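Geometric and topological summary
Here are the chains, one letter per residue:
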Amino acid sequence: LRRYSEAVRASAWQGDYRRAYRLLREAVELDSGFAMSWRLLAWVAGNLGEHGTARLASEQAFRHRERLPDRDRHDVAAAYYAYHARQADAIRAYGALLDAYPKDLGATFNTSWLYFQLHDWRRAEEYNRRALALDSTIPKYHWTLAVCLLAQGKLEAAAAQTRKTLERFPALERALWLDVDIAMARWDLATAERRTGELLAEAPDDYARQDRGLRTLATLALMRGRVREAERHLLELEPVLRREGSPSEQVMLAAWRGFVEAWFRGSGDRAVAVMEGSLADLRLDTMP
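These figures come from a predicted structure and were not determined experimentally.

On to the overall build of the protein. Secondary structure summary: the protein contains 17 helices and zero strands in total. Against the globule reference of 19 Å for 288 residues, the protein gives a C-alpha radius of gyration of 20 Å, in line with a compact fold. Taken along its principal axes, the extent of the C-alpha atoms in the protein is 55 × 45 × 35 Å. A buried classification covers 50% of the 288 residues belonging to the protein. Separation of charge centres in the protein, based on 43 positive and 41 negative side chains, amounts to 3 Å.

Attention shifts here to the layout of surface pockets. When its volume is computed, the second largest pocket comes out at roughly 560 Å³. Y4, L40, G106, N110 and K140 are, among the 22 residues lining the second largest pocket, the residues nearest its centre. Elements supplying a minimum of two residues to the lining of the second largest pocket: α1 (2-13), α3 (35-47), α5 (70-83), α7 (105-117) and α9 (139-151). Of the residues belonging to the lining of the second largest pocket, the class tally is 13 nonpolar, three polar and six charged.

On inspection of all chains with the given rule, the structure shows eleven aromatic pairs. Taking the centre distance of 4.1 Å and the plane angle of 15 degrees together, the rings of F62 and Y80 count as stacked. Of this pair, F62 sits in helix α4 (residues 51-63) while Y80 sits in helix α5, and the two are 18 residues apart along the sequence. F62 sits in the buried class, given a relative accessible area of 17%.

One pass over the structure, following the stated rule, counts 29 salt bridges. Bridged by salt links that share partners, the residues E173, R194, R195, E198, E202 and R209 form one connected network.

On to empty space enclosed by the protein, then. Summed over all chains, the structure comprises two cavities of 30 Å³ or more. Taken as a whole, the largest cavity encloses approximately 60 Å³ of empty space. The wall of the largest cavity is formed by S11, A12, W13, Q14, G15, Y17, W43, P139, K140, W143, L172 and R174. Of all the secondary-structure elements, those providing two or more residues to the lining of the largest cavity are α1 and α9. For the lining of the largest cavity, the residue count by class is seven nonpolar, three polar and two charged. Of the volumes computed, that of the second largest cavity is approximately 50 Å³. Around the second largest cavity, the lining residues are E238, L241, R242, Q250, L253, A254 and S278. Counting residues per element, the ones that place at least two in the lining of the second largest cavity are α15 (227-244) and α16 (247-264). In terms of residue class, the lining of the second largest cavity is built from three nonpolar, two polar and two charged.

Moving on: a nonpolar patch on the surface. A surface patch of nonpolar side chains, amounting to about 350 Å² of accessible area, comprises F259, W263 and F264. The topology assignment puts F259 in helix α16. Given a relative accessible area of 38%, F259 falls into the partly exposed group.

This part is about the side chain of T162. Note on placement: T162 falls in helix α10 (residues 155-168). Given a relative accessible area of 1%, T162 falls into the buried group. The residues contacting T162, other than those within four sequence positions of it, are A146, A175, L178, D179 and I182.

Ranked by internal contacts, the top residues of the largest apolar core, which has 61 residues, are L24, L40 and V44. Counting residues per element, this core draws most heavily on α3, at nine residues. Beyond its immediate chain neighbours, meaning those up to four positions away, L40 contacts Y4, A7, V8, S11 and L24. Judged by nonpolar contacts, the second largest core, of 14 residues, contains L234, L237, L253 and V260.

Turning our eyes to something else, we now look at helix α13 (residues 189-202). The end-to-end C-alpha separation of α13 is 20 Å, in line with the 20 Å expected for 14 residues at 1.5 Å each. Listed in full, the buried residues belonging to α13 are L189, A192, R195, T196, L199 and L200. All buried residues of α13 project into a common sector of 140 degrees when viewed along the axis, lining one side. When the buried face of α13 is taken as reference, the exposed residues oriented beyond 90 degrees from it are A201 and E202. Contact partners of the buried residues in α13: α11 (173-176), α12 (178-185) and α14 (207-223).

Analysis parameters
Residues numbered from 1 in each chain as written. Predicted model: local features only at pLDDT ≥ 70, side-chain atom pairs only at ≥ 80, totals over all residues. Heavy atoms only, no water. Helix = DSSP H or I, 4+ residues; strand = E, 2+ residues; numbered from the N terminus. Rg over C-alpha atoms; globule rule 2.2 N^0.38 Å. Buried < 20%, exposed > 50% of the residue type's maximum accessible area, 1.4 Å probe, protein only. Lys, Arg positive; Asp, Glu negative; His and termini not counted. Charge placed at Lys NZ, Arg CZ, Asp CG, Glu CD. 1 Å grid on protein atoms, 1.4 Å probe; cavity = no way out; pocket = protein on both sides within 12 Å on 5 of 7 lines; lining within 4 Å. Points joined across faces, edges and corners; volume = space filled by probe spheres on them. Nonpolar A, V, L, I, M, F, W, Y, C, P; charged D, E, K, R; others polar. Phe/Tyr/Trp six-rings, centres within 6.5 Å; stacked < 30°, edge-to-face > 60°. Salt bridge = Lys/Arg side-chain N within 4 Å of Asp/Glu carboxyl O. Patch = residues over 30% accessible without salt bridge, like charges linked within 9 Å, V, L, I, M, F, W, Y side chains within 5 Å. Areas by Shrake-Rupley, 256 points an atom, 1.4 Å probe, with all protein chains shown as cover. Contact = heavy atoms within 4.5 Å. Core = buried A, V, L, I, M, F, W, Y, C linked by side-chain atoms within 4.5 Å. Expected span 1.5 Å × (residues − 1). Arc of directions from axis to C-beta.

Spelled out as structure tokens, the structure:
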């Protein structure tokens, strides 16, 4: 319970998903029937790109849902459906929960995210605003509203919401990157590159910052047709991921490097060779 509680704080308040992930793995090792730890582990793993782990954790939570009261049981069922690409079933499960508990924060916010996955940006924004009205102290409700606005092309509104978020939570990592996302949406690549460089320089030893920053620089280079520059940033990212990244992240990077070779250089053989080299140290058969 202590580890689960610390993981809730790390994920919801601090945005530190890696610490939350470690704490939750410890929690379910101590009690393999701890359904809500499995439930939160699924959400945290999904945020880290560990989608195989997210699916497995949601299945474990679903398997042990009878231990839970009705409110949490609906939540666990909805999460299970969401992680198995059954968004409509998940929305119905959250709807049943909200019928009984109209002010349930988790169900309200997660319904927003499900509509976001369905590209129903307007309803995603609607439920996000409902969550904010219920509790404005939770940082993620603020930056995700900016993301909903950005997805609809409401760039001025997204920028205003980003400023408002950073005034209240100046160190919120996800919000710091929204300036870059908005600049890219405006095709202001120079501003996006400059801001990315600033964020990288501010935290040279922060793994998550370096990961996001180098990926962004590679994307910006490709948007400008600078293939060699993109490859250089991807090569810089490889030792960072080997040091601290997850296997899934390393696989995604290998795929991205292969894509650059195949798409921009037209070499399928070279793409395969690059991917095999990047994956040489991984035990793919042990990954979810």
